[in-house]
Amino acid sequence: MRTLLRSAFPIEKLQRRAFGIVFVMLGLLAALQIAERVVLSYYEKNWDSVAAQKSTEQLEAVTREFVFVQRTIRQIASEVARQEVVRGLLLGKSSDTVRVFLETARLAERRDVGVEIYGGDGKLVAWSGRSGPVDPHDVQAALQGKLTSSVTRGPIFTHMFVIVPVRVDGAFYGAVLVRKAVEVNYPLSNKFIRRTGLSEQLSRALGVNVELSYGTDVEPRKDGRFISSVVYGIDGRTLGVATIPRLARSAFLERISGRFEKINTALLTFLIAVLSLFAYRRWGNHPSLWIRLVALTAIIWIVRYLLLWLDVPSRFFTMSIFDPSYFASKFGGGLAKSTGDMALTAVALFVNILFVVRAGADRIMRTALWRPRSVPVQFMLGSFLTTFVFLSLRGVAAVIRSAVFDSVFRFNDPTVIIPSFELGLMVFNIFVISFCMIMVATATTWYIVSMFETGDRTSRPPAVVWGMVLFLYVLAGFLFDVLQETPLVSPLFRIAFGVALIVFTFSLRVKKGQGIWPLRFSNAVIILGLSALFFYPVLEKAIAERDRERIEALARDIVRPTDTWLKYVVDESLHQFLTDNVLDVLLYGSSEEVERLAFSCWAMSMAGRQGYNCMFLLLDPHGEELSRFAIGEQTPLVGWTLNDVLEASRAGVQVQQRGSGVAAVRVYSGALPIVAADSLLAYGLVVVSASQQSLFRGEAPTVFRMSGTESLETFYRPILLSEFEGDSLLASTAELPLQYRLPRTATAALRDSPTGSVWVSERIGSKEYETLLLRRDPANVRVIALHIEKLGGQWHLFGIVKTMMYYAIVLIGALTVVLLVRRVKGNPYRLTFRDKLLIAFLGTALVPMIVIALYVRVFAAERLEEILSERLKQETSQVEDALNAASNEHEVSTRLRPHLLALGTKSDFNVYVGNTLAISSRPELYDTGILDRRLSGSAYAAIVLQGRRFHVETESIGLYRYAVGYKPLVREGNAMQSIIAVPALYRQEEIDKEVARTNAIVFGVYAVIALIVSLVATAMANRIAAPIHKLTEATKQVARGDLHVKVHATADGEIGELIRSFEAMTRDLERSREHLVRYERKLAWQEMAKQVAHEIKNPLTPMKLAIQHLQQTYRDKVENFDQVFAEVSQMIIRQVDALGRIASEFSRFGRMPHAHLEPCNVNDVLHEALHLFEQDQRVTFGKHFAPQLPDIPADREELRRAFINIIRNGVQAMNNQGTILVSTVSIPDGVEVRIQDFGCGIPDDIKHKLFQPNFSTKTDGMGLGLAIVKKTIEDLHGTIVIESTVNKGTTVIMHFPHSTDFVHEPTSDSVR
Amino acid sequence: MGFLILATVCSLHAQEQARDFRIVFDEIQHGFETGNISSFSSRFAQQLRIDLKGEGNRYCSANQAFYILENFLKTRKVLSFEFTNVGANDDVPFASGVVVFSQKGAKETSHIYVSLMPFGKGWVIAEITLY
């Protein structure tokens, strides 16, 4: 027991290093704790001075950053001012104004700035990007050589600009202004506005709330809780005030503690890494497979949970992959609480399975594990294992479902080809987990097959074995539902999976001779295929269910009684009129500030965030409009009088219905008086309108909603909406004929549905739809229908191809890593003939195809642009006609008229006069400052300067890009009056989807072709390379000494000739070898005879001399003859003994007469051999003997001597002290014995001589020991292999067959 | 008489329902106050709407909601929480209130809106909006 414990815990080897590092780490952790206390205590004691210093530092950082932003803008302005084309224009040397516009536009887009170029007279000559107010004095100052900067506040953005003079040879010819948005004035975040302001950026960076107030007259805050500093412009003017709150003690100390905690966590993580490494080194090489597997599994999962507990790595990295908004599951107590965490878990699982497979594959696959022979036990175990496989299958299905249901990922969005990083990582997770599952399931199937191969007494035929396995899989596949309440996959699916596993296992067993490692590339590719084939349907089913669930959830918003919700929205929004800011502006604000109040209240309100059609109105006590902002459908929002407002303020939030049927609109209104110090300042009114056409949902276009807001419109598949009364159509966003009726079966199903909703399939026109019907009222009179077009077969195919492509990318990535690791380790992978053929085929086939695909894609994009351009051209012409037809110019320019014109032409439009907006059908976009009122510079250049009749360009707001068509509006006398612009702003999403859809189709078709080409290329490469491969393998066998090799390949031509020549050559070689062996044997015996003679002569000479000496002393009658006689006799006896030993050794080597074979238990023989050595306390033995080891036929005495010889060698190699591990294990064909020492090892240059007679590294040996051992083992048809590393030790591995009938060719290469 | 009994039964049923959803709101309030999301996470609908301080109003699963709220409260300490308005019109119980956090030592006041939806015989949380 003590020996076993010592072998299991050889503390002395690892303890010094491990304990040393652990103590250092623990010491560091303790020191960190002390340091934290000291630091916190220091800050506590000196808080006042620390607070002052830190706050000042923070404020200085703010002002520094402010200066830095100005410098950046100045650099851009200087860059523009240095451009030759700009200088040429300003100097009058060039009139290429168009080029200046184009260059400026490029720069403005690239740097996200607005650029203005002023001539020497102060007039604007070229521009691009956003406009904004500029003080003419600033421009004049620049023209006089002064550098100026300023900050101006717009409706949404606050801009900073810098003006630099354009100076040539000391004279000033113009000025360049560059403007950049530095703040977003309201908490808006929609498709257009996603910018983070400077103050927010600084707040995040410094960890305090930074407030930047702009203006020359802004004063620093007097409140003692804050500290302020004036921020200056580039010219030294005051631009505003930066304010931060004084550092709060608790916040600061919390932050310091947080930093210590991070270091603490980092140290703990390092400690875990060190400990796990030591544990791995200790347990990873343990001779017992089971202990090794259990220990490694425990290490991996303990480390994973410790990292989870420490919140590593998400504590250190703020990345989207650790954001639960993307994905989070409660599985395993947080093992998959984000995509990143799930990836770590998947990798841990993979490493775990990899260890299991690497450590246990040989035994599992060679059926060295215990196998029951009793048929009932075999069936019980087989049933258990097949159930385990299906349980694992269910586990993977559950992971896939969780990846779908607990995430926002759009796995099968047909418009997405290249996945986002987060989605890509999730695909990686699914692939790794399914890969692990298939590996484990294959190994399990292999074991089941091996188990069934042996019956009670005899081996079973293969057909019976595979039939039994198939029967078990089919049975378990059907009965699994009984065990699991939610099996997640159908019995048929399980059986198909089981059959695929059996086929895969069968192919692996057929290829057993080529290696059984499941991670061979070809096997990995098969697993990839299986994974895609079986798990994609699970994924698709989960997606379909999730889509339905999500649509049902979104649909709840529609049938949710909107009155309650919209009344609540109005009520909440009214509170914005009562903020301090509103009162301040009403009391002390300028008229401009008062005019902007309605907009600012909207921007801060719930109605604004939700993106409803609404109006915010401020009236003074006499009913005069102070401020008004409206967004969305305008009609119901106009015509509100003071009386209406007074009524609304008295009655609370009201609901009115205007119109009827499809034209019905519900208007939700609320008003309140705004009072300060008992004085009525104004009335505030909020109106939200919802029309029947939008099914009373009240939404404005999605572009105005908060980004990230999910709704039916943002769902990745288009959803059409209809409302029915009974089965008659009331309104629809689909182009349904008015006579369209709901199918009777559908209405009946809805009537019977307890949930008030039902899914039906319907056909509208030529398209198939999945439709969700919902009852809007309990009486089942009003029915809402959500129609979702069914995805066609090509999308499913595209989905599978896409999934396989993702998996292939993961596999190629993994392969690249493996190849790199091999290269780093100095063992680079060498391409085979087949690899080279495959690469050549794939390259030849795929490269032109990729080129064509890219060309088609570019062509398709260009074609789409052409179509879009053509459409915009038509639309601008229609708008031109409509405008020309409008009789009254004033009527056109009123607020409602353009909107109606746009409805008539179905195109939104703007009209510019000069370079300024005059009329717009979407005035709210300009009122809010989302779009610029100034005409785009490049459009001005094209239409006005170049005189084009039509111009189309892509413009952008932030990251949102859209196309705009421009056309001059020409009326009397062919003079251009104005410019019409038709932006595709609202349709851009639709256009983008169309582009993506085209891409998807192109990609899908080419991906399928690529797949077919790859399969054909692989098959061809395999066919061509197979004979070469077989020939290579045969050559290797010949090199190993096996001259009986046959190349089982049929080939014609040169390859066939080569194979025949090779076989003829091996036959010749075999004959030559036989001659050589005979000759060598003769030589060996001659050498042996010489050696024997020499060895015998050695003792004979001293004997002869001794006898002569004895004769002489006898003749001389020497006095001490008796003593001499005794000494000489002793010496002669010793020499005779030596002769006897020599004779015995040679006798044993040469004779090996008639071994007395008997059934021997190897464990018993080893015990006997070890007993001789166990008396020596300096040597310990770790014994790991397999129980119930089968007997082998052997001569017990010879076997014992062989073991003694090997053990003695081991003991001597360790200088008679240390540990020797001895283990036995049952293998399919017999018994394996391993004797391992940790001694000096055997140098490579003498390994090949170890079994040669007469070779020895010892001074007192004959060099016959190992030769005799080898002969003993080979006479038993066994094998012996010696693995040795210098200074690490030697392992002797012996295999003994059960039966001597076993035919085994001993290999010559038995020392590694 | 029959009408009176029916009216009484209906009234009692309505009171029972109201009590029922008030319990949910109480659990939410207690969970926020103690920073313990798991105390009411079992009340999450399978898919619920979450909008935290303008991060976007989107649907997520109950599991996601749990970790989103847990992460949200990891960086904030709730100083006070109160539902000031609890109501149920048109079968949609909702509650709105004010929650005061402390984040990095600075106080932060937010409004909260929570709505429920029926599930089985009880109520589950359909929407949580912090603004």
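Just so it is clear, the model here is predicted, and its values are computed rather than measured.

Visitor: Any chance you could explain the nonpolar core here in plain terms?
Guide: Nonpolar side chains in soluble globular proteins tend to be buried together. The biggest cluster of nonpolar side chains holds 105 residues, and the ones touching the most others in it are I400, I430, I433, F535 and L539 of chain A together with L48 and A65 of chain B. Of all the elements, helix α12 (residues 421-453) of chain A adds the most residues to this core, at 22 residues. Setting aside residues up to four positions removed in sequence, I433 of chain A forms contacts with A346, L349, V396 and V399 of chain A. Residues V80, V231, V911 and Y912 of chain A belong to the second largest nonpolar core, which totals 72 residues.

Visitor: Help me understand the pairing of strand β30 (residues 1289-1297) of chain A in this model?
Guide: The side chains of a regular strand alternate between both faces of the sheet. Residues and elements named next belong to chain A. The buried fraction of β30 is high, at seven of nine residues. Where strand β28 (residues 1230-1237) and β30 come together, eight bridges link them in antiparallel fashion. Bridged to R1234 within β30 is I1293. The sheet contact formed by strand β29 (residues 1279-1285) and β30 spans seven bridges and is antiparallel. When the sheet's bridge partners are listed, I1282 is paired in β30 with V1292. The loop that links β29 with its antiparallel partner β30 comprises three residues; one of these, N1287, has a positive phi angle of about 70°.

Visitor: I keep staring at helix α35 (residues 1265-1275) of chain A and nothing clicks. Help me out?
Guide: Given 3.6 residues per turn, any residue in an α-helix points the same way as the ones three and four places further on. Within α35 of chain A, burial applies to G1265, L1266, I1268, V1269, K1270, T1272 and I1273 of chain A. Looking one or two residues past α35 of chain A, H1277 of chain A carries a phi angle of roughly 65°, positive in sign.

Visitor: Just checking my understanding: could you explain the sheet that holds β28 of chain A for this structure?
Guide: Pairing between the strands of a sheet is mediated by backbone hydrogen bonds and can be parallel or antiparallel. Residue and element names in this part refer to chain A. Spatially, five strands are ordered β25-β27-β28-β30-β29 in an open sheet, and the strand pairing comes out mixed. Two strands in the sheet have a free side with no partner beyond their single neighbour: β25 (1179-1184) and β29. On average, each strand axis in the sheet is tilted by 15° relative to the strand beside it, whichever way the strands run. Against the sheet, helix α32 (residues 1162-1171) engages β25, β27 (1218-1227), β28 and β30, with an angle of about 165° to β27.

Visitor: Would you take a moment to explain the sheet that holds strand β2 (residues 124-128) of chain A for this structure?
Guide: All names here are of chain A. Ordered in space as β2-β1-β5-β4-β3, the five strands form an open sheet in which the pairing is antiparallel. This sheet does not close on itself; its edge strands, each paired only once, are β2 and β3 (148-153). Direction aside, the axes of adjacent strands within the sheet are offset by 20° on average. Where strand β1 (residues 114-118) lies against strand β5 (residues 171-184), five bridges are found, and the strand directions are antiparallel.

Criteria and thresholds
- Residues numbered from 1 in each chain as written.
- Chains lettered and ligands numbered in written order.
- Predicted model: local features only at pLDDT ≥ 70, side-chain atom pairs only at ≥ 80, totals over all residues.
- Core = buried A, V, L, I, M, F, W, Y, C linked by C-beta atoms within 7 Å.
- Buried ≥ 20, exposed ≤ 12 C-beta atoms within 10 Å, placed from the backbone.
- Helix = DSSP H or I, 4+ residues; strand = E, 2+ residues; numbered from the N terminus.
- Contact = placed C-beta atoms within 7 Å.
- Pairing = 2+ DSSP bridges.
- Axes fitted to C-alpha atoms, helices over the stretch in contact; angles between N-to-C directions.

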